[in-house]
Amino acid sequence: MARMSAEERRESVIRAAMSEFARGGYHGTSTEAIAKRVGVSQPYLFRLFPGKKAIFLAAATRCVEDTIRTFEEASEGLRGEEALHAMANAYTKVIAERPEMMLLQMQMYVAVGAAEAEGDSEFGAAVREGWMRLWDTVHLPLGADVNETTTFMAYGMLVNCLVAMGFPPEHRVWEGLYPSARTKGRLEH
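Thresholds applied
- Residues numbered from 1 in each chain as written.
- Predicted model: local features only at pLDDT ≥ 70, side-chain atom pairs only at ≥ 80, totals over all residues.
- Heavy atoms only, no water.
- Helix = DSSP H or I, 4+ residues; strand = E, 2+ residues; numbered from the N terminus.
- Buried < 20%, exposed > 50% of the residue type's maximum accessible area, 1.4 Å probe, protein only.
- Polar contact = N/O pair within 3.5 Å; in protein donor to acceptor, adjacent residues only side chain to side chain.
- Contact = heavy atoms within 4.5 Å.
- Salt bridge = Lys/Arg side-chain N within 4 Å of Asp/Glu carboxyl O.

> Is there a simple way to think about the side chain of N160 in this case?
Checked against the element boundaries, N160 lands in helix α8 (residues 146-164). In this structure N160 comes out as buried when scored by relative accessible area, which is 1%. Among the polar contacts listed, one links the side chain of N160 to the side chain of Q105, at a separation of 3.1 Å. Not counting residues up to four positions away in its chain, the partners in contact with N160 are Y91, M102, Q105 and M106.

Below is the structure:
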């Protein structure tokens, strides 16, 4: 079996970090757990990344990039309501198939709040920059309408919160969401 290049190992670390940070958050996840998941030593991990914060930010960036790609692919060639429903359907499918993406997003927001409370603005700047790229990705397909974009993003955050809290798809809290934002029949708990 061929040895992995440093770039392939780096990619393995990012994928492992996404899973570990999604479950444990920034403060609750050790670099030892990430190294163990990848099958490397901690010293090797720190040859690939300068520290835990860099690993977290790489995982957060990848999570945002994956979400952006999901929305871009779903809305390709569509505008307005068609784009809205296509993106909502694609997102609910992603969080059903890869729940760690949604959990990592939630952990990103918690990490920003905690870091900013400690006087560290690096987390917030990176996550806000990613959030704005995400915003811009959905803004144009929704007709560059700020109200439509705000509503879409608000529904997405609500979906994240409801799923993270474990509300089953048939619960009444889902009734107010537009049909493509509902998870009924898509998420298994």
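Picking up where we left off.
> What is the right way to look at the pattern of salt bridges in this model?
Pairing between side chains becomes possible if they bear opposite charge and their charged atoms approach one another. Scanning the entire structure with this criterion turns up 13 salt bridges. R98 is the partner of D66 in a salt bridge, and the nearest nitrogen-oxygen pair spans 3.4 Å. Within this pair, whereas D66 is found in helix α4 (residues 52-75), its partner R98 is found in the loop between α5 (80-97) and α6 (99-117), the two being separated by 32 residues in sequence. With relative accessibility at 32%, the residue R98 sits in the partly exposed group. With a shortest N-O distance of 3.5 Å, E100 and R98 are connected by a salt bridge. With a relative accessible area of 26%, E100 lands in the partly exposed category. Salt bridges linked by common partners bring E11, R15, R62 and E65 together as one network.

> I keep staring at the environment of A58 and nothing clicks. Help me out?
For A58, the position within the fold is in helix α4. As for A58 and E11, which are separated by 47 residues in sequence, their C-alpha atoms are 9.7 Å apart. Not counting chain neighbours up to four residues away, the residues in contact with A58 comprise I14 and F49.

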